[in-house]
Amino acid sequence: MSSMTNKDSNGHVRGTSLFVDDINVREGTLHALVFDSPSAHGKIIKVDYSKAAELAGVEQIFTYKDIPGENQIGGIIPDEVLFAENEVHFMGQPIALIVAKSLAIAKKAKELIKIEIEELPVVTKAREAFDKGLLISPPRKFELNDVAKGFEESDYVFEGTTFTNGQEHLYLETQGSYAFPLENGNIKVVSSTQGPTSVQMTIAKVLGLAMHRIEIEVNRLGGAFGGKEDQATPWAVMAALAAYQLQKPVKLILERNDDMRMTGKRHPYESTFKIGLNKDLKIIAFEVDYYQNSGAAADLSPAITERTLFHATNSYFVKNAKLTVYSCKTNLPPNTAFRGFGGPQGMYVIEAAIVKAAAELQVPVSKIQEVNLLQDNDVFPYGQLVQNAATKKVWQEVKSQFNWKEKQKEITDFNKENTQYKKGLSLMPITFGISFTNTPMNHARALVHIYQDGSVGISTGAVEMGQSVNTKMLQVAADTFGLNPDSIKIETTNTTRIANMSPTAASTGADLNGKALQKACNTLKTRLVNYIIAANNLKDSDSITFKDDEVYVNDRSIDLGWKQLISDAFLQRISLSEHAHYTTPEIHFDKSIEKGHPFAYHVYGTALTVVTVDCIRGTYEFDSVEIVHDFGKSMNQGIDVGQVEGALVQGIGWMTMEEISYDSKGRLASNSLSGYKVPDIFSVPKKVTVKALDTEGEAMAILKSKAVGEPPLMYGIGAYFAIQNAIKAFNPDYQLKFDAPMTPEKVLMGLYERK
Ligand code: MOS
């Protein structure tokens, strides 16, 4: 079972998998296009839609005036309008929706709209916004013990600044939705969302309808990475608004350049740090101010600030800490969730601080990392005790299994013998908490039907987005029923079958939905077992098991197949359907004191990265990334290793080549795939090795198999520091800079800078 392949892979390679844009177009479908702001900040003086509205084939142009409910889509803070009213706050902000008989006509109409805007000052940088007092929400602060006293007790104190840039999600499937009017003014929307319930709620608010009149359906997403947690919503709401008002199907799919221009990205962070160490290299004090570039509205920023704080000390014990995040309001599209959810931005800073301290003290970085690794009964700055920490184990295993010592020596020798090429190495430990940091979100439901022919249909709140969560759900059900997976179907994710879903996010999809599913399957199983005992005059103490589509009593076959069992049970009027609810036990967090036990468990790992830099060209190639990762007891090694590899490469992309660039007017310069570079097959490390930590697994994880979606992205941070080490080997004048991504241009500057 643990080698079961992704059940979607056949459909994907044959092109038969259905995404939003693949749904057969219904008779009478209209096509929608967003008219968006050409200015990043300004007052709307006048918009003239008359010429566009007169164009043949244009059905209607919707603005905020056509909204029957509230013009409001903010999820956490109600600070974001669906359509701009009198002001615009970022370039690409939706102002109107053109609905026409074809997309070509809608595009022509867009050209005919005339807009007059009185320009206002544009802010694109977080610190600049902070200095002007532009904050999205009050700052959040985590404190442990007394940081001032910690610095007094430190033998060495170092300070510095860091910058990490944003990151474009670049899901293969762009944002899209398709809305259908149903009878009695009800409505159904197929959306490319990670959060069907938040889409449902937002449509309800904007249309002024009760939630039960709106059905959201998700088949699968062509990638999401957090970019569809909140930001699939506006397009679904727009399509729903038009479909509801016109009583016709309306389809709205963003083209790639519109998607890149109009949607938010990973938050860029500017940070200032101060780190204090004692003579034994123990980190005694750590203080950071994080300036998060939130964009023009809150979106998920307040939640993302939280995860930055939760991961600010990464895998290290820090005795005295003071960590503050400021969500700074700028005139960029609202930045949003991206794999790691603020965690990577937090971890980068402490790694940078350690690198800085090591350089100043002329000790190896790995030495400072090693002496500070977390162990059991250490406390995280948010009050949770460290339990079952694998931090030191994964670190030691990476060093021993991948010959860290020899590699270091080889690199030193190589660098002595070569002038054009220099190699660099880094170790990157990770510790990542699993659970939504917002405790009330940690719940899920599953609905299981056993049909009278023995086949099984399963609905959960999990959204399939390429991470193979549906395959894992299939495994859970097949495992519980002892049934061939071919008899089990995973249904679409739909708000009429599963209500009040949390988004599929925070790496929790498989755990939360899998546990709910397991519970539903177990209840059905118990019901069937009781029936078997009664029907066959067995004793309660007899052990009934289901295996290979058959029933076993005390490990002996009783010639009763699953199909026969179900058919018999059905005739006995036994319920063959079950709906179950799961909540993560034990977790809690008190925001008023910023302390608690927010995570079900942590995921641990360490990556060893080796890079070769071409010191004439400033280019680089990764020789190898070797990882020991804590999967718990992996329920599907193919899928889980695939998640580690994908996340690693995405992390390397963020750290080395993906350069989001806005000009001073707030216009996205890196607005296409020719100007925005993402890792391709030529830029992935030549060798990636992922070894599983040998462990008993984790009871709070589904089938003891730990969450795997986000944690490995942060292995990519090692890429930055490996390159930096290669630059140092070439240029003794090089001054440490923490300014990611480390693009070839920056490498070249670093190689040849002089004191
Ligand atoms: Mo994910 S970044 O929690 O959608």
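The preceding data block contains the structure.
Below you will find a few notes about this structure.

Thresholds, definitions, all that
Residues numbered from 1 in each chain as written. Predicted model: local features only at pLDDT ≥ 70, side-chain atom pairs only at ≥ 80, totals over all residues. Heavy atoms only, no water. Helix = DSSP H or I, 4+ residues; strand = E, 2+ residues; numbered from the N terminus. Axes fitted to C-alpha atoms, helices over the stretch in contact; angles between N-to-C directions. Parallel < 35°, antiparallel > 145°, perpendicular 65-115°, else oblique. Left-handed = near helix turned anticlockwise from the far one by under 90°. Contact = heavy atoms within 4.5 Å. Nonpolar A, V, L, I, M, F, W, Y, C, P; charged D, E, K, R; others polar. Pairing = 2+ DSSP bridges. Buried < 20%, exposed > 50% of the residue type's maximum accessible area, 1.4 Å probe, protein only. Polar contact = N/O pair within 3.5 Å; in protein donor to acceptor, adjacent residues only side chain to side chain.

Thoughts on unusual backbone geometry
Next, step 1: Cis geometry is found at the peptide bond from Ala740 to Pro741, where omega equals 10°.
Next, step 2: Among the secondary structure elements, Pro741 is positioned in the loop between β30 (739-740) and α19 (744-752).
Next, step 3: One non-glycine residue, Asn537, lies in positive phi territory at about 50°.
Next, step 4: Relative to the helices and strands, Asn537 is located in the loop between α15 (509-535) and β21 (544-547).

Description of the packing of helix α6 (residues 196-207) against helix α7 (residues 233-246)
Next, step 1: With their axes 9 Å apart at the nearest point, α6 and α7 run at an angle of 45° to one another. The orientation of α6 with respect to α7, classified from their angle, is oblique. In terms of crossing hand, the pair formed by α6 and α7 is right-handed. Contacts from Ser198, Val199, Thr202, Ile203, Val206 and Leu207 of α6 reach α7 at Thr233, Ala236, Val237, Ala240, Leu241 and Tyr244.
Next, step 2: Residue composition of the contact of α6 with α7, by class: 9 nonpolar, 3 polar and no charged.

A word on the sheet that holds strand β13 (residues 269-277)
Next, step 1: The strand order across the open sheet formed by 6 strands is β7-β15-β14-β13-β8-β30, and the pairing between neighbours is mixed. The open sheet is flanked by β7 (140-144) and β30, the only strands paired with a single partner.
Next, step 2: Bridge count between strand β8 (residues 156-164) and β30: 2 bridges; the pairing is parallel. Across the sheet, Thr164 pairs through a bridge with Ala740, a residue of β30.

Overview of the environment of Ser177
Next, step 1: Tracing the sequence through the fold places Ser177 in strand β9 (residues 176-181).
Next, step 2: Take Ser177: its relative accessible area is 0%, and that puts it in the buried class.
Next, step 3: Beyond its immediate chain neighbours, meaning those up to four positions away, Ser177 contacts Val20, Val189, Val190, Ser191, Trp235, Ala236, Ala239, Val250, Lys251, Leu252 and Ile253.
Next, step 4: Within the structure, Ser177 has its side chain in polar contact with the backbone oxygen of Trp235 (distance 3.0 Å).

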